[in-house]
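# Descriptive analysis of the structure
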Amino acid sequence: MDNRPIGFFDSGVGGLTCIPALQKNLPNERVVFYGDTARTPYGSKSIDTIKKFSNQIADYLVSHNVKMIVIACNTISATCLDSLRRRHPDIPIIGVIEPIANRIAAEEKEEVRIGVIATKVTVASGAYSNIITSKNKKVKIFSKACPAFVPLIEEGIIDNEIMDLTIKYYLDDFIIDNNLEKIVLGCTHYPYLKKNFGRLYPDIKLLNPSEEVINEVERILREKDMLADENNSAMHLCYASDTSENFRNMIDAVFDEAQDVKIEFKKFQD
Ligand code: DGL
């Protein structure tokens, strides 16, 4: 048993899409979340910059005595997972890409055409196709960067026509030309668009890394006997690097109303 919190971090509000599955499957767990709202988006930045920002945030989470870190961001998972594990070798650190990629590789038994939509950096890393196609040759992966989604989501422009048009701009031809059956939401911001996708492409099955990673969290905590117990009365703690009304709204949307969430601001020197 271990009632210390789990650290989660992302470039902004995206990583919060991991929280509903955590609350559902592991309701005793508490979270220290960091969203780098002042420096979002990461997905079009250089790998050196993403590493520098991620190191700052991971060190800060470690200073909160977290028992595990979830890199709740595909861009950081694709580029910094190994270096973060080397930097903090005593803490289990998991990214969002490996759990869903391993699951796809293990479960697909027939030829299947899967789209991965993500940031420019994640697409350029080839992280999804490297893991999946090295383990399962039946799966064909097609990737598409959708860099305008994150800034719109950070502004709370989501369930409306502007977002629908942006989605169609990126995905109409991508889906038809590649004859896709399934799409991986390869950026933790994109699960906020599930309703839009359901409306626009009702026949496409969506695969959500933000949910899958929580199964891995549970597996590791169980194996190490580090799950929290039901007497865990600590608060959730959410940090942002800049004030954002949307951050507050998203927190209200994902955390259980009955649990206390404290929001603080913390900025790092560039
Ligand atoms: N939510 C992040 C991801 O999963 C980062 C998006 C961004 O900052 O560009 O890739």
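I will try to describe carefully the structure that is included in this document. (Residues numbered from 1 in each chain as written. Predicted model: local features only at pLDDT ≥ 70, side-chain atom pairs only at ≥ 80, totals over all residues. Heavy atoms only, no water.)

On to the sheet that holds strand E7 (residues 182-185), then. Taken in spatial order, the four strands of this open sheet run E6-E5-E7-E8, and their pairing is parallel. Two strands close off the open sheet at either side, each with one partner strand: strand E6 (139-145) and strand E8 (205-207). On average, adjacent strands in this sheet sit at an angle of 25 degrees to one another, irrespective of strand direction. Pairing geometry for E7 and E8, over three bridges, is parallel. Counterpart to isoleucine 183 in the pairing with E8 is leucine 206. Helix H6 (residues 127-135) contacts strand E5 (112-118), E6 and E7 of the sheet and is inclined by roughly 180 degrees relative to E6. (Pairing = 2+ DSSP bridges. Helix = DSSP H or I, 4+ residues; strand = E, 2+ residues; numbered from the N terminus. Axes fitted to C-alpha atoms, helices over the stretch in contact; angles between N-to-C directions. Contact = heavy atoms within 4.5 Å.)

What follows is about the sheet that holds strand E1 (residues 6-10). The six strands lie next to each other as E4-E3-E1-E2-E9-E10, forming an open sheet whose pairing is parallel. Each edge of the open sheet carries a strand with a single partner, namely strand E4 (93-95) and strand E10 (261-265). Across this sheet, the average inter-strand angle for adjacent strands is 20 degrees, counted without regard to direction.

Counting residues in hydrophobic clusters, the biggest one holds 54 residues, and the most contacted among them are Phe8, Leu16, Ile117, Phe149, Ile153 and Leu171. Sorting elements by how many residues they give to this core places helix H8 (residues 161-177) first, with six residues. Beyond its immediate sequence surroundings of up to four residues, leucine 171 is in contact with Ile117, Lys144, Cys146, Phe197 and Tyr201. Core analysis: the second largest hydrophobic core is formed by 24 residues, Tyr42, Ala58, Leu81 and Leu237 among them. (Core = buried A, V, L, I, M, F, W, Y, C linked by side-chain atoms within 4.5 Å. Buried < 20%, exposed > 50% of the residue type's maximum accessible area, 1.4 Å probe, protein only.)

Bringing the packing of helix H4 (residues 97-107) against H6 into the picture now. Their axes nearest at 9 Å, the elements H4 and H6 cross at an angle of 30 degrees. Relative to H6, H4 is oriented so that their crossing is right-handed. Residue-level contacts link Ile97, Glu98, Ile100, Ala101, Asn102, Ile104 and Ala105 of H4 to Ala127, Tyr128, Ile131, Ile132 and Lys135 of H6. In terms of residue class, the contact of H4 with H6 is built from nine nonpolar, one polar and two charged. (Left-handed = near helix turned anticlockwise from the far one by under 90°. Nonpolar A, V, L, I, M, F, W, Y, C, P; charged D, E, K, R; others polar.)

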